Amino acid sequence: AAANVLEESSVGLIITDGDPRSNLDNSLVGVDFRYLNSRLAGGRTIEADTWYQKTETEGLLGNDSAYGLRFRMPNNRRFRWGLGTKELQENFRPALGFVNRVGIRSYTFELGYTHLPRERYLQTIFGGVDAQRIDFIDGGLQSQVISIRPLELQNHTRDEFNLRYTASKEVLRDHSFEISEGVVIPIGEYSLDEYGFDLQTGRQRKLSGRLGYRTGEFYDGERESISGGLIWKASRHFWADIGYEVNEVDLPQGNFTTRLVRLKLDAVFSSTLSWVNLIQYDNVSGTLGINSRLHWTPEAGRDAYLVLNHNLDEENQGGSFHSSALEAVIKFNYTFRF
């Protein structure tokens, strides 16, 4: 439940009960407050978010809370900045939701500057830095990412060119992991620094494309990544998006190559009926996955979905496929407003 307060702000409450994945009792209660003020001098905006959630799980006592705080000034000209922090305690278990990591504290920082040039060709020039550090609550670094965006250009036809440099650290504290068949990354602290660029043509065009390149350090070795794609808008009712990505990884423990192919087909029949299809294949799992979703919205707040998921596994590299999983789901959503 949510309610509007002040001029542009809101307050919310969430309560859940039950665990669909086990017979254990689980409940969650949480509150949040979002402050928004878009009426500052010079067209500036300020945002602030704070939230708190607590779970109760059968068999777990204490250390079951999560909370966070964030401030931002997301201005689209001149300086923008943001600061945030959150903590997810070890026994925080939202059984009817999801959480990526627990037992951590996270800190985020962002700073950027946007210049709007007066000359005809370029529309915006941007440079900035984003950073995130995640520590274990009981001490020690888990991961850290500093992303430097020295130059991002966009012209009046929405073509974009971006340069990137990312300095990352990743700590494997408890166990090693197998990143590819027969290639195991041992416990330790690793640097994953890389640099590259992205090129994107304006998506308003009937045919548009994208290209990305990355290279740099990767778990005591090196990785080189190339990705690209094309989007074809046949009409305002139908468009297709095909993408391809390849990663060449060279590690002391061994070398491997990953490939990912995606095809997305979208059809919008009307303002109330759409059909979205995603077909994806990767050479690591050898699985061809198909997700098809028919979405009907007779009116605002009412939705009906028919979803089909079908996985086909490759017999061997370059071989034929056989069906391994098939699922059909019907879902209805109804929003009560008060």
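Scroll up to find the structure.
Right, let's walk through the structure included here. Predicted model only: the values in this text are computed from it and were never measured.

### Observations concerning the overall build of the chain
Part 1 of the argument: Counting its regular elements, the chain contains zero helices and 22 strands.
Part 2 of the argument: Taking the principal axes of the C-alpha coordinates as reference, the chain spans close to 60 × 55 × 50 Å.
Part 3 of the argument: Out of the 338 residues belonging to the chain, those deemed buried represent 32%.
Part 4 of the argument: Partitioning the contacts of the chain with sequence separation of at least 6, the portion at a separation of at least 24 is 41%.

### Remarks on the layout of surface pockets
Empty space left among the atoms is revealed by rolling a probe the size of a water molecule over them.
Part 1 of the argument: Taken as a whole, the largest pocket spans an internal volume of roughly 400 Å³.
Part 2 of the argument: Taken together, 20 residues make up the lining of the largest pocket; nearest its centre are Leu88, Phe92, Phe98, Val99 and Asn100.
Part 3 of the argument: Here the residues of the lining of the largest pocket sort into 12 nonpolar, six polar and two charged.
Part 4 of the argument: Together, 18 residues line the second largest pocket, and Arg210, Gly228, Gly243, Tyr244 and Arg262 are the ones closest to its centre.
Part 5 of the argument: Elements supplying a minimum of two residues to the lining of the second largest pocket: strand S14 (194-200), strand S15 (207-218), strand S16 (221-235), strand S17 (238-251) and strand S18 (254-268).
Part 6 of the argument: A per-class count over the lining of the second largest pocket returns eight nonpolar, four polar and six charged.

### Thoughts on unusual backbone geometry
Part 1 of the argument: Look at Leu6: it is not a glycine, yet its phi comes out positive at around 55°.
Part 2 of the argument: Relative to the helices and strands, Leu6 is located in the loop between strand S1 (2-5) and strand S2 (9-17).
Part 3 of the argument: Positive phi is not limited to glycine here, since Asn63 has a value of about 50°.

### Let's talk about the nonpolar core
Part 1 of the argument: One finds Leu172, Val183, Ile185, Tyr190, Leu192, Phe218, Tyr219, Val249, Leu251 and Phe256 forming the largest nonpolar core, which totals 10 residues.
Part 2 of the argument: When contributions to this core are tallied by element, the ones reaching two or more residues are strand S12 (183-185) and S17.
Part 3 of the argument: If near-sequence neighbours (up to four positions away) are discounted, Leu172 is found in contact with Phe177, Ile185, Pro186, Ile187, Gly188 and Tyr190.
Part 4 of the argument: Among the nonpolar cores identified, the runner-up in size contains six residues, and Leu88, Phe92, Ile104 and Ile134 belong to it.

### Some words on the pattern of salt bridges
Part 1 of the argument: Applying the stated criterion across every chain yields a total of 21 salt bridges.
Part 2 of the argument: Between Arg34 and Asp49 there is a salt bridge, with the nearest N and O atoms lying 3.8 Å from each other. Pair noted here: Arg34 is in strand S3 (residues 26-37) and Asp49 is in strand S4 (residues 46-57), with a separation of 15 residues, a long-range link.
Part 3 of the argument: For Asp49, a relative accessible area of 17% translates into the label buried.
Part 4 of the argument: Of the charged contacts in the structure, one is a salt bridge between Glu110 and Arg72, with a shortest N-O distance of 3.3 Å. One end of the pair, Glu110, is in strand S7 (residues 104-115); the other, Arg72, is in strand S5 (residues 65-73), with 38 residues separating them in the sequence.

### Observations concerning the side chain of Asp266
Part 1 of the argument: Position of Asp266 among the secondary structure elements: in strand S18.
Part 2 of the argument: With a relative accessible area of 9%, Asp266 lands in the buried category.
Part 3 of the argument: Apart from residues lying up to four places away in sequence, Asp266 is in contact with His237, Phe238, Trp239, Trp275, Val276 and Asn277.

### Observations regarding the environment of Trp275
Part 1 of the argument: When you line up the elements, Trp275 lands in strand S19 (residues 273-282).
Part 2 of the argument: For the pair Trp275 and Leu265, spaced 10 residues apart in sequence, the C-alpha to C-alpha distance is 8.3 Å.
Part 3 of the argument: Leave out the neighbours within four places in its chain, and Trp275 touches Leu265, Asp266, Ala267, Phe269, Ser292, Arg293 and Leu294.
Part 4 of the argument: At a separation of 3.3 Å, a polar atom in the side chain of Trp275 contacts the side chain of Asn277.

### Let's talk about the pairing of strand S21 (residues 302-314)
Part 1 of the argument: With 11 bridges connecting them, strand S20 (residues 287-299) and S21 associate as antiparallel partners. Residue Leu294 lies in a different strand from S21, and its bridge partner there is Leu306.
Part 2 of the argument: Taking the residues between adjacent antiparallel strands as the criterion, S20 and S21 are bridged by two residues, where Gly301 takes a positive phi near 90°.
Part 3 of the argument: The pairing of S21 with strand S22 (residues 321-334) spans 13 bridges and is antiparallel. Bridged to Tyr305 within S22 is Lys331.

Criteria and cut-off values
Residues numbered from 1 in each chain as written. Predicted model: local features only at pLDDT ≥ 70, side-chain atom pairs only at ≥ 80, totals over all residues. Heavy atoms only, no water. Helix = DSSP H or I, 4+ residues; strand = E, 2+ residues; numbered from the N terminus. Buried < 20%, exposed > 50% of the residue type's maximum accessible area, 1.4 Å probe, protein only. Contact = heavy atoms within 4.5 Å. 1 Å grid on protein atoms, 1.4 Å probe; cavity = no way out; pocket = protein on both sides within 12 Å on 5 of 7 lines; lining within 4 Å. Points joined across faces, edges and corners; volume = space filled by probe spheres on them. Nonpolar A, V, L, I, M, F, W, Y, C, P; charged D, E, K, R; others polar. Core = buried A, V, L, I, M, F, W, Y, C linked by side-chain atoms within 4.5 Å. Salt bridge = Lys/Arg side-chain N within 4 Å of Asp/Glu carboxyl O. Polar contact = N/O pair within 3.5 Å; in protein donor to acceptor, adjacent residues only side chain to side chain. Pairing = 2+ DSSP bridges.

Purely geometric stuff here, so don't read any function into it on its own.
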